Amino acid sequence: MADIIKLLPDHVANQIAAGEVVQRPASVVKELLENAIDAKASIITLVVKNAGKTLVQVIDNGKGMSDTDARFCFERHATSKISSAEDLFALHTKGFRGEALASIAAIAHVELYTKEAQNDVGVKIAIEGSTVKSQDITVVPNGTSVSVKNLFFNIPARRKFLKSDKVELRHILDEFHRIVLAHPDIAFHLINNGTELFNLPASNLRQRIVNVFGGKTNTKLVPVEEDTEVVKLHGFVCKPDFAKKSRGEQYFFVNNRYIRSPYLHHSVMAAFEGLVPDQHHPGYYLYLEVDPNTIDINIHPTKTEVKFDDEHALYAILRSSIKHSLGQFQVAPVLDFDTDPNLDTPYHFKDKEVHIPKVEVDHNYNPFAEEVSRSSAVKNNTMYTKATSGASWEGLYAGIPETVRKIESDFGNIQIESDVENVDLFENQMQQEATPSFQLKRKYIVTPIKSGLVIIDQYRAHQRVLYERFLKNITVEKGASQQLLFPLNMSFSSPDIAILQDIRDSLEQVGFMFDRVEGDMVSVRGVPIMVNESEVQLVLEQIVQEVNDFGSEDAFSQSDLLAKALCKSLAVRSGSVLQLEAQEALINDLFACKDPMVSPFQKPIYITTPIADLDKKFM
Ligand code: ADP
Ligand code: MG
């Protein structure tokens, strides 16, 4: 048989390796920034266009490269940083595999300008898909500029799988944050589509954190410092009362390299135990210095995991130093988390007059007629509107004009299938007086139906009701706002501001009113009727977090995301006492929903127990 094994040509090998190093524009950002830092630059500028899909450029004032090195740096395994495998263990630079530039050049159009201080002129190299197109002598400042254009131009499949600009920019910002937080002594600029997003002067760590995350961060920071045999620790944790429901800024750096460590994260959480309510996340920026010989940084360029020789000691040191700092800065004693937040009615109108709802029924309702009208997408689904008018949930508390909050079933072109049987469930009772119901464990509402018993999860039910209402506000009919007496000013990081700007229209549709959303400030003048003034920041943070985590490519998923985030934060929790009227109103509203069976997060909302089943139990 003929020999069949052949060596892959270099450009193919490079393309394959590239896929490992470069997943998206943010990977290029990371590699180029790290090279600039390794070159001892003191000022680094990052320029991106279209979230890096069109251009990623990094300009540094570092040591530059000689002519030969400039050509050589694009070869695979070309690195100035190690010469033997042992060097890997004593590593103090970022890169070491000599793979990044070769990989990037294999899948993009790259232009390199570089000059060393001792030379009068520098060199320019253009390279496309691993092929050198030109090499010229040129007059440039000391340092290096690498521009990477048209990423994945020769791998269309990869290019197609890039996410929206918003999502890709978010990844870039994540990398940028990790790097600028690790190097406060270096000045950084970030310019996106011609707009300067960050201008970070060289500074100390506290100033760097404040410059990145906004002016108000300063008051949140509690310094942490510890010097032991095993580890030198410094940095900041955020005061517990600023803990957010969303996982905000949580950073570990080991020997100035950003890492993820669920284990160390756990030790921080342990230090905060009892100080932050459940499901709240304290922010932290913690810097560990350990002997490089005692750690194993996974030698994969995109991995950020580290194994420590002495994990247990690190865990204990971290936890006790943070506890100590929190105590020392007297953060801990002033807090009182004993009150159960679940017991607070989430609405600010809780003290307002209570209106007993009237249940109105459409006696002419005919489920079969209904089916016809729905399938022909006709407006005014009479069953839903009439059954719920006057019984709307928050109407109980707020006494807000019914017309504002009347649920209509028409969701415009968003079709949600619903099950006619469910609507039918209450037919008999609704025609009589009020349906008796009671609350079980402040969690479920139990009520009879014609065929037996229904048990409703109150939190999920309210989520469903709110979700459909907000979705409708966003897509069909603007939600009502309440003006605030004084505008609320809140600080957000600039990436978060970018997200808020993106979804501002939708937010206004549900009833938010903004005076401004720019810089690091958001000024809110009005909020949706259901949102308590004290919750505004939390709600906005949660929304930003959701958009950030799940992205939103199109208009529908954005509306869906927003409605989900809002209903999640505003729905009445398990543990809340519901008066009889509130229970009834919730039941009515739920069964007026398009999809009363499952919560927006696809969890069952209620179960039914037929009389026959009960009968069986008594046999
Ligand atoms: P690595 O960083 O792993 O060594 P790279 O492919 O990222 O591999 O870079 C290859 C080499 O090119 C580096 O070792 C360094 O000598 C040189 N180099 C890359 N970027 C710069 C820069 N901005 N300034 C000076 N030298 C650079
Ligand atoms: Mg490198």
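The structure presented is a predicted model; accordingly, all values stated were derived computationally and were not measured.

Criteria and thresholds
- Residues numbered from 1 in each chain as written.
- Chains lettered and ligands numbered in written order.
- Predicted model: local features only at pLDDT ≥ 70, side-chain atom pairs only at ≥ 80, totals over all residues.
- Heavy atoms only, no water.
- Salt bridge = Lys/Arg side-chain N within 4 Å of Asp/Glu carboxyl O.
- Helix = DSSP H or I, 4+ residues; strand = E, 2+ residues; numbered from the N terminus.
- Buried < 20%, exposed > 50% of the residue type's maximum accessible area, 1.4 Å probe, protein only.
- Patch = residues over 30% accessible without salt bridge, like charges linked within 9 Å, V, L, I, M, F, W, Y side chains within 5 Å.
- Areas by Shrake-Rupley, 256 points an atom, 1.4 Å probe, with all protein chains shown as cover.
- Lys, Arg positive; Asp, Glu negative; His and termini not counted.
- Charge placed at Lys NZ, Arg CZ, Asp CG, Glu CD.
- Pairing = 2+ DSSP bridges.
- Axes fitted to C-alpha atoms, helices over the stretch in contact; angles between N-to-C directions.
- Contact = heavy atoms within 4.5 Å.
- Core = buried A, V, L, I, M, F, W, Y, C linked by side-chain atoms within 4.5 Å.
- Phe/Tyr/Trp six-rings, centres within 6.5 Å; stacked < 30°, edge-to-face > 60°.
- Parallel < 35°, antiparallel > 145°, perpendicular 65-115°, else oblique.
- Nonpolar A, V, L, I, M, F, W, Y, C, P; charged D, E, K, R; others polar.

**Brief notes about the pattern of salt bridges**
Going through the model one piece at a time under the given rule, you end up with 18 salt bridges. The salt bridge partner of D515 is R525, with a shortest N-O separation of 2.7 Å. With D515 in strand β20 (residues 513–518) and R525 in strand β21 (residues 521–528), the pair connects residues that are 10 residues apart, well separated along the chain. The exposure class of R525 is partly exposed, given its relative accessible area of 29%. As a salt-bridge pair, K564 and D560 come within 3.1 Å of each other at their nearest N and O atoms. One end of the pair, K564, and the other, D560, are both in helix α20 (residues 555–570), 4 residues apart, so they sit about a helical turn from each other.

**Quick word on a negative patch on the surface**
A cluster of acidic side chains, namely D291, D296, D309 and D310, defines a negative patch on the protein surface. With respect to the helices, strands and loops of the structure, D309 is situated in the loop between β15 (306–308) and α9 (311–328).

**Topic: a nonpolar patch on the surface**
On the surface, a cluster of nonpolar side chains totalling about 310 Å² of accessible area is made up of V121, I137 and V139. Tracing the chain through its elements places I137 in strand β5 (residues 131–138).

**Details of the sheet that holds strand β8 (residues 195–200)**
What the 8 strands build is an open sheet, ordered β5-β4-β3-β6-β2-β1-β7-β8; its pairing is mixed. In this open sheet, the two strands that pair with only one neighbour each are β5 and β8. Ignoring which end each strand starts from, the neighbouring axes of this sheet average 10 degrees apart. For strand β4 (residues 122–128) and β5, the ladder comprises 7 bridges, and the chain directions are antiparallel. Bridge assignment links I125 to a residue of β5, and that residue is Q135. Packing of helix α7 (residues 205–213) onto the sheet brings it into contact with β7 (187–192) and β8, and relative to β8 it is tilted by some 165 degrees.

**So, the nonpolar core**
Across soluble globular proteins, you tend to see nonpolar side chains buried next to one another. Membership of the largest hydrophobic core comes to 63 residues, with the highest contact counts inside it found for L46, V148, F188 and Y285. When residues of this core are assigned to their parent elements, the largest contribution, 8 residues, is made by helix α6 (residues 165–182). Each residue touching V148, except ones within four places of it in the same chain, is listed here: V28, L32, T54, L55, V56, I104, A108, H109 and V110. Grouped together as the second largest cluster of nonpolar side chains are 37 residues, L484, I499, L507 and L561 included.

**Structural notes on the packing of aromatic side chains**
According to the stated counting rule, one finds 13 aromatic pairs in the structure shown. Both rings, one in F213 and one in Y285, keep their centres 5.8 Å apart while their planes meet at 45 degrees; by these two values the pair is tilted. Of this pair, F213 sits in helix α7 while Y285 is found in strand β13 (residues 284–289), placing the two residues 72 residues apart along the sequence. The same class applies to F213 and to Y285, which are both buried. Through a chain of ring-to-ring contacts, three or more aromatic side chains come together here, namely F213, Y251, F253, Y258, Y285 and Y287.

**A closer look at the sheet that holds strand β12 (residues 257–259)**
Pairing is mixed in the open sheet, where 5 strands are placed in the order β9-β10-β13-β11-β12. Looking at which strands have only one partner, the edges of the open sheet turn out to be β9 (221–227) and β12. The mean angle between the axes of side-by-side strands here comes to 20 degrees, regardless of whether they run parallel or antiparallel. Across 5 bridges, strand β11 (residues 250–254) lies against β13 in parallel orientation. Paired with F253 across the strands is Y287, a residue of β13. Of the strands in this sheet, β9, β10 (232–238), β11 and β13 are in contact with α9, which crosses β9 at around 135 degrees.

**Notes on the packing of helix α17 (residues 494–502) against helix α19 (residues 536–550)**
Contact geometry of α17 with α19 gives a least axis separation of 10 Å together with a crossing angle of 90 degrees. Considering their axes alone, α17 and α19 lie roughly perpendicular with respect to each other. On the side of α17, the interface is formed by D496, I499 and L500, while α19 contributes L540, V544, V547 and N548. Grouping the constituent residues of the contact of α17 with α19 by class yields 5 nonpolar, 1 polar and 1 charged.

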